[in-house]
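# Notes for the structure review
If you want the building blocks of each chain, they are given just below.
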Amino acid sequence: MPPEKLNIVASADAQISQVFDPHIVGAVNESYVKVAKFGDVFDWHSHENEDEGFLVLRGRIAIDFRDGSVELGEGDFMVVPRTVEHRPRSLTDKPVVVMFEPATTLNTGDAESDLTVHDLKRLHPL
């Protein structure tokens, strides 16, 4: 039996109701592909040992850095290098964003808060 496919946007719309609540799409080697809907503003944080990739599937986001911001629209991708402090935020209503990072990566990195998610849920095919 072949592996099952998953439409990330449709599954995220059906299964993710809260912003900044990452769900696992799949595992690739020791990394996770995660998806989340972004909200107004996330915590300032960094990841000491992990790079973090962001791919916008729907909507627009900004990733703030202490010395400026980068705006990303649908189809845009960027990597935030390890140790670089950043703060994602939405520019449109609940954009859908895919993140690529090691499975051990905590969403708030070095900044524990109410937005920290320790127990990730899995996104399931519809």
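Now for a look at the structure at hand.

Conventions adopted
- All chains use their own residue numbering, which begins from 1 and follows the written sequence.
- Reporting of local features is limited, given that this is a predicted model, to residues whose pLDDT is at least 70; pairs of side-chain atoms are given and counted only at 80 or more, and all residues count toward the totals for whole chains, interfaces and linings.
- In computing side-chain properties, one takes all heavy atoms of the structure into account and sets aside hydrogens as well as water.
- Secondary structure elements follow DSSP: runs of H or I of four or more residues count as helices, runs of E of two or more count as strands, with numbering from the N terminus.
- This radius of gyration counts C-alpha atoms alone. The globule rule is 2.2 Å times how many residues there are, raised to the power 0.38.
- Relative accessibility decides the category of a residue: with a 1.4 Å probe and only protein chains considered, values under 20% of the type maximum give buried, values over 50% give exposed, and everything between is partly exposed.
- By definition in these notes, contact holds between two residues if any of their heavy atoms fall within 4.5 Å.
- Only the protein chains shown count as cover for residues, with accessible areas throughout obtained via the Shrake-Rupley method and a probe of 1.4 Å.
- Residues scored as positive are Lys and Arg, those scored as negative are Asp and Glu, and His as well as the terminal groups of each chain are ignored.
- Each charge is placed at NZ for Lys, CZ for Arg, CG for Asp and CD for Glu.
- Here, strands pair whenever DSSP counts at least two bridges between them.

### Examining the overall build of the chain
When its secondary structure is counted, the chain shows one helix and nine strands. Taking 14 Å as the expected radius of gyration for a compact globule of 126 residues, we find that the chain reaches 14 Å, a close match to that expectation. Counting every position in the chain, which comprises 126 residues, the buried fraction comes to 42%. Considering only residue pairs separated by 6 or more positions, the chain has 67% of its internal contacts joining residues 24 or more positions apart. Carbon together with sulfur atoms contributes 50% to the accessible area of the chain, which is approximately 7000 Å² in total. Across the chain, the mean location of the 12 positive side-chain charges is 6 Å away from that of the 22 negative side-chain charges.

### Section: the sheet that holds strand β3 (residues 52-58)
Taking strand neighbours across the sheet as the criterion, the six strands line up as β6-β3-β8-β2-β1-β9 in an open arrangement whose pairing is mixed. Each of the sheet's edge strands pairs with one partner strand only, and the pair in question is β6 (77-80) and β9 (121-122). Summarising the sheet, strand β1 (residues 23-28) and strand β2 (residues 31-37) pair through five bridges and their orientation is antiparallel. Opposite Ile24, over in β2, you have Lys34 as the bridge partner.

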